[in-house]
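# Structural overview
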Amino acid sequence: MSGEIILTCKDLTLGYENITLAEGVSFTVSEGEYWCITGENGTGKTTLMKTILGLTKPLAGNVEWNGTAAGTGIGYLPQQTDVQRDFPASVYEVVLSGCQGRLGMRPFYNRSDRDLALLNMKRMGIDDISKRCYRELSGGQQQRALLARALCATGKVLVLDEPVAALDPKATEEMYELITSLNKEDGITIIMVTHDPEAPSRYATHELRFGQEVTTHVI
Ligand SMILES: Nc1ncnc2c1ncn2[C@@H]1O[C@H](COP(=O)(O)OP(=O)(O)OP(=O)(O)O)[C@@H](O)[C@H]1O
Ligand SMILES: [Mg+2]
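Quick summary incoming for the structure in this document. Once a new chain begins, its residue numbering starts again from 1 and follows that chain's sequence as written. Here chains are named by letter from A upward and ligands by number from 1 upward, in the order in which they appear as written. Local features are withheld for residues below a pLDDT of 70 in this predicted model, meaning they are given only at 70 or higher, and side-chain atom pairs are given and counted only at 80 or more; totals for whole chains, interfaces and linings count all residues. Excluding hydrogens and water, the side-chain values take into account all heavy atoms of the structure.

## Comments concerning the pairing of strand β8 (residues 206-210)
What counts here: The cut-offs for exposure are 20% and 50% of the maximum accessible area for each residue type, with area from a 1.4 Å probe on protein chains only; residues under the lower value are buried, those over the upper are exposed, and the others partly exposed. Strands here mean DSSP runs of E at least two residues long; helices mean DSSP runs of H or I at least four residues long; both are numbered from the N terminus. In this analysis, strands are considered paired if DSSP registers two or more bridges between them.
Burial of β8 is extensive: 4 of the 5 residues sit out of reach of the surface. Summarising the sheet, strand β3 (residues 34-39) and β8 pair through 5 bridges and their orientation is parallel. What sits directly across from G39, in β8, is F210. Here 5 bridges tie β8 to strand β9 (residues 214-218), and the two strands are oriented antiparallel to one another. Looking at the pairing, H206 lines up with V218 of β9. Connecting β8 to the next strand, β9, in antiparallel fashion are 3 residues.

Okay, here's the thing in structure tokens:
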């Protein structure tokens, strides 16, 4: 059963100055739901994620978060690029950086930020590799570190852009299990971009599909 509406997107036109990617995109996400965002390369999935996070402005329409300000209090796992995979920091530092939104006027992380980072590393099963360098980890370990980082920003909503890209079948399965348990056990709302054709029917409550038009489906 779904809870309160937390995100309303009304008649969005997605794109950039010189390119319109999709028009008339409307949907509402309620607490506890699990949305899969699907569609071919270059159709605008990442642009939609950035638009709902307030990192990119829609060309028309509006995005409204209830009870949470856009871009804060939301955990975001960005689509990975090779440059990011090569980041020279420890796992702990990467995870702790998820606490940035909690800093406010404070210049340094405090005890409760550090405890939260530790807790989320434990939750993702990576506390034993906290001192290792992020860029030396396997793809699966890196994605867990980024998920732990996203969890430091929120207990409510996770926006995940291709969290299983480049993972082998076993690591993919484990990642999906982690995400499902965050949704089912902890009640965290999931908005996840994926290229996996089976993911929507296996895990999601809703699908938003980029095709000729953007369509939404209840699963
Ligand atoms: N900052 C930007 N300025 C102009 N065009 C952009 C910008 N970012 C992305 N685009 C273009 O918008 C289109 C959609 O990009 P987007 O990253 O949203 O696609 P996607 O559906 O996430 O694709 P993929 O499955 O490959 O990740 C692409 O043609 C891309 O080149
Ligand atoms: Mg993308």
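Here the narrative resumes, following the displayed structure.
## Some details on the site of ligand 1
Filter applied, for reference: The rule for a residue being near a molecule or strand is that one of its heavy atoms must lie within 4 Å of it. The term polar contact refers here to a pair of N or O atoms within 3.5 Å; inside protein, the definition further demands a hydrogen-donor-capable atom paired with an acceptor-capable atom, and it admits residues adjacent in sequence only when both atoms are side-chain atoms. All accessibility values rest on the Shrake-Rupley procedure with a 1.4 Å probe; residue burial counts only the protein chains present in the view. Here the nonpolar group is Ala, Val, Leu, Ile, Met, Phe, Trp, Tyr, Cys and Pro; Asp, Glu, Lys and Arg are the charged ones; every other residue, Gly included, is treated as polar.
Around ligand 1 lies a shell of 13 residues, among which G42, K45, T46, T47 and Q79 are the nearest. Here Q79 contributes a side-chain N or O atom positioned 2.9 Å from an oxygen atom of ligand 1. Relative to its free-state accessible area of 640 Å², ligand 1 is covered by the protein chains to the extent of 61%. Ranked by residues supplied to the shell around ligand 1, first place goes to helix α1 (residues 45-52) with 3 residues. Among the residues making up the shell around ligand 1, the classes are represented as 2 nonpolar, 8 polar and 3 charged.

## Here we look at the nonpolar core
The condition that has to hold: The definition of a nonpolar core used throughout is a set of buried Ala, Val, Leu, Ile, Met, Phe, Trp, Tyr and Cys residues joined through side-chain atoms within 4.5 Å. Here, residues are in contact when the closest pair of their heavy atoms is within 4.5 Å.
Ranked by size, the top nonpolar core spans 40 residues in total, and within it Y34, I126, L147, L158 and M192 carry the most contacts. Of all the secondary structure elements, the ones that give two or more residues to this core are β3, α3 (91-96), α5 (111-123), α6 (139-153), β6 (157-161), α7 (169-184), β7 (189-193) and α8 (199-203). Broken down by element, this core gets its largest block of residues, 7 residues, from α6. With near-sequence residues (within four places) excluded, M192 lies in contact with Y34, W35, C36, I37, L160, P163, Y176, I179 and A199. Listed in part, the 25 residues of the second largest apolar core include L14, A22, Y76 and V193.

## Remarks on the coordination of the magnesium ion (ligand 2)
Rule in force here: Donors, by definition, are the N, O and S atoms found within 2.8 Å of a metal, the threshold being 3.2 Å for Na, K and Ca, and water is not counted, so a site can look incomplete.
Protein-derived coordination of the magnesium ion (ligand 2) comes from T46 (OG1) and Q79 (OE1), at a distance range of 2.0 to 2.2 Å. Highlighted residues: T46 in helix α1 and Q79 in the loop between β5 (75-77) and α2 (82-85), separated in sequence by 33 residues. According to the relative accessible area criterion, Q79 is partly exposed, its value standing at 33%.

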